[in-house]
Amino acid sequence: MQLLPLKDAIAAHVRDGASVALEGFTHLIPFAAGHEIIRQGRRDLHLIRMTPDLIYDQLIGMGCASHLTFSWGGNPGVGSLHRLRDAVEHDWPRPLALTEYTHAELALAYQAGASGMSCGLMRHHADTDLDLLTVAHRRTLPCPFTGQQLTAVAAVRPDVTILHAQQIDAEGNVLIRGIVGAAREAALAAERVLVTVEERVARLAADMNALVLPAWLITAASVVPGGAYPSYAQGYYARDNRFYLAWDEIARERAAFSEWMARHVLAAADHAALLRTLGVAA
Amino acid sequence: MSARAPGYTPDEIMTVTAARQLRNGAVCFVGIGLPSAACNLARLTHAPDLVLIYESGTVGTKPKVLPLSIGDGELAETATAVVPLPEIFAHYLQRGRVDVGFLGAAQIDRYGNLNSTVIGDYAHPRVRLPGGGGAPEIAGFAREVLIIMKQTPRSFVPRLDFRTSCGYLSGAGERRARGCPGAGPRAVITDFGVLRPSARSEELELVALYPGVSAAAARAATGWPLAVAERLEMLPAPQAAELETLRQLEERTREAQARPIRIALPAAR
């Protein structure tokens, strides 16, 4: 584990054309890392995430991605991700190839990747149109023991997984608490793991079975307070639901979106500067 | 609608009616939006032991305000357990531990199949919708499914643009014959009344209406020739206590959402 400024961690480990998973299920979404990828102008990324959320709306709208692997692409509780929709419906700012899973499938695909398996297995539950369009990564087969129909889902192995977490200790071990989604599986499936954290502490506030990623699994870490905003970090700050509601209007039209990104994300030197311009920093 | 205002909105009677479908003690996998409001209203009124599970891995959660997302901190803080996502889908849902799945969607057909993927062609959609998320597995594995949707000819369609989640497929036992684990949709609650699958064909049939709503209006809001039960039930209006609980819940939610977020940053070096 290398402790690096976020700018250097992204520059060193996120290359054009890489497959990158910024995970965190609603909670602990690595917004600061996503913004740094945008500032550094990465192109042709294959973005992977269960719920693309606003951070992928921003990356897609800024032209960083050519491929998206996902399982639910909306603004939770609000509606559409307008930039994702514009890319899929009108190829703006560039075409976006989609690989679509359900939540259970993508979680399983990460788990398979994390376990060194070529695929994961689940019970076949229904016949839907997803069966027709996803044959490249999802097939049914009979169980060799019972003959029961199973669904096999191809493993997902990102080049880089990026997480946000609460704490890192002196040795570089990282604690994640609260809603963890498939963050652990996505990290263990990846070639490299980057982490941003709220704070560096002498000793993690971790109970025995807490979700701790050992330092030797982590490629690089950066201390970025507020790094999940407008998502949240349990124990540090709440989700800014007002921002999620406001994003619907900000992202609806191309010009307003581009102007907002230029003024807030591109013009800010780092995440702390962004939080100050948004009036969130206390 | 009658000329005299009934003292509740169409949304309110829909949410109250949906909440009444949930029995106390059931384990319920909750979709966001209207399902979440109905499930929490049920928990705060007649079903205090309702076990609510959200796909974020929050099990037995008792939120004081309605979450905007399925993963708000409120859900984690008030949960019995917070488990990783692969576990909620495998150990709880797939294993058959969920009694009721509660879903919404953009489109529904006469057999209760749901579309939340695209309007138009998949490769060149007119509208790209969010996609399946947890819905396909919830629809497949929950012992039974409740659906809550506003009824319009655009959402209640003769043919789905995309079948994201299974209802009764083509009806007449096809779902069962294909080995789908759960029993399928038990009821569809709309802003007109309640639809249920008819026994043999499994086609949705209008079985109950709200006060002041006509079967003709419900049929006009449906994109296929909606079957109407011989004996139509008149649903009771919301009780004062139900309305008060729902309105207080919504008021608390508004207050919570208006609260500004402040993040303490270390002093700039």
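Quick caveat, the model's predicted, so the values are computed rather than measured.

What to know about the overall build of chain B
For chain B, the helix and strand inventory stands at eight helices and 14 strands. For 269 residues, the compact-globule estimate of 2.2 N^0.38 gives 18 Å, and chain B sits close to it at 19 Å. When the backbone C-alpha atoms are referred to their principal axes, chain B occupies close to 70 × 45 × 40 Å. For chain B, buried positions account for 53% of its 269 residues. Put simply, of all contacts in chain B between residues at least 6 apart along the chain, 66% involve residues at least 24 apart.

A closer look at the sheet that holds strand 11 (residues 185–189) of chain B
Note on sheets: strands pair through backbone hydrogen bonds, and any given pair is parallel or antiparallel. All names here are of chain B. As summarised here, the arrangement of the ten strands in space is 4-3-2-1-5-10-11-12-13-14, forming an open sheet in which the pairing is mixed. Each edge of the open sheet is held by one strand with a lone partner, namely strand 4 (81–82) and strand 14 (227–234). Where strand 1 (residues 27–30) and strand 2 (residues 51–54) come together, four bridges link them in parallel fashion. By the bridge assignment for strand 2, Cys28 is matched with Leu52.

Some points on the confidence of the model for chain B
On average, residues of chain B score 95 in pLDDT, and 98% of them are at 70 or above. Quick note on the complex model: pTM equals 0.96, ipTM equals 0.95.

A few points about the interface of chain B and chain A
Each side of the interface is counted separately: chain B has 49 residues, and chain A has 53 residues. Counting only elements with at least two residues in the side of chain B that touches chain A, the list comes to helix 3 (73–77), helix 4 (85–94), strand 9 (125–128) and helix 5 (135–141) of chain B. A per-element tally of the side of chain B that touches chain A places helix 5 of chain B first, with five residues. Classifying every residue of the side of chain B that touches chain A gives 25 nonpolar, 17 polar and seven charged.

Section: the pairing of strand 12 (residues 193–197) of chain B
Residue and element names in this part refer to chain B. Among the five residues in strand 12, four count as buried, and that is most of the element. As paired elements, strand 11 and strand 12 share two bridges and run antiparallel to each other. Note on strand 12: the bridge partner recorded for Val188 is Leu195. In this structure, the hairpin formed by strand 11 and strand 12 is closed by a connection of three residues. Note: strand 12 against strand 13 (residues 204–209), five bridges, orientation antiparallel. Its bridge partner being in strand 13, Pro197 is matched across the sheet by Leu204. Where strand 12 folds back on strand 13, the antiparallel hairpin that results is connected by six residues, among which Glu202 adopts a positive phi of roughly 65°.

The rules behind these values
Residues numbered from 1 in each chain as written. Chains lettered and ligands numbered in written order. Predicted model: local features only at pLDDT ≥ 70, side-chain atom pairs only at ≥ 80, totals over all residues. Helix = DSSP H or I, 4+ residues; strand = E, 2+ residues; numbered from the N terminus. Rg over C-alpha atoms; globule rule 2.2 N^0.38 Å. Buried ≥ 20, exposed ≤ 12 C-beta atoms within 10 Å, placed from the backbone. Contact = placed C-beta atoms within 7 Å. Pairing = 2+ DSSP bridges. pLDDT = per-residue confidence, 0-100. Nonpolar A, V, L, I, M, F, W, Y, C, P; charged D, E, K, R; others polar.

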